[in-house]
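These are the residues of each chain, in order.
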Amino acid sequence: MNQLQTISVGQLAERDGQGNVDIIDVRTSLEFREVRAVVARNIPLDSLDP
């Protein structure tokens, strides 16, 4: 299993340029519409099947 790691905005931009980014935003759809990373996908946490 992959471990989570913290990266800087610059590192995110570099990885995105390499096509090496998959960001899943688990906030509500309303929160996601207000502000988000351009490359993020929204899958609200309450819609995930535990």
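Predicted model, so just to flag it, every value in this text is computed and none were measured.

What follows covers the overall build of the protein. Helix and strand content of the protein: two helices and two strands. For the protein, the succession of helices and strands along the chain, N to C, is α-β-α-β. Along the first, second and third principal axes, the C-alpha atoms of the protein reach 30 × 30 × 15 Å. Counted over contacts in the protein with a minimum sequence separation of 6, partners at least 24 positions apart contribute 0%. Of the side chains in the protein, 5 bear a positive and 8 a negative charge, and the two mean positions are spaced by 3 Å.

What counts, and at which threshold
Residues numbered from 1 in each chain as written. Predicted model: local features only at pLDDT ≥ 70, side-chain atom pairs only at ≥ 80, totals over all residues. Heavy atoms only, no water. Helix = DSSP H or I, 4+ residues; strand = E, 2+ residues; numbered from the N terminus. Contact = heavy atoms within 4.5 Å. Lys, Arg positive; Asp, Glu negative; His and termini not counted. Charge placed at Lys NZ, Arg CZ, Asp CG, Glu CD.

Worth remembering: the numbers are spatial, not functional.
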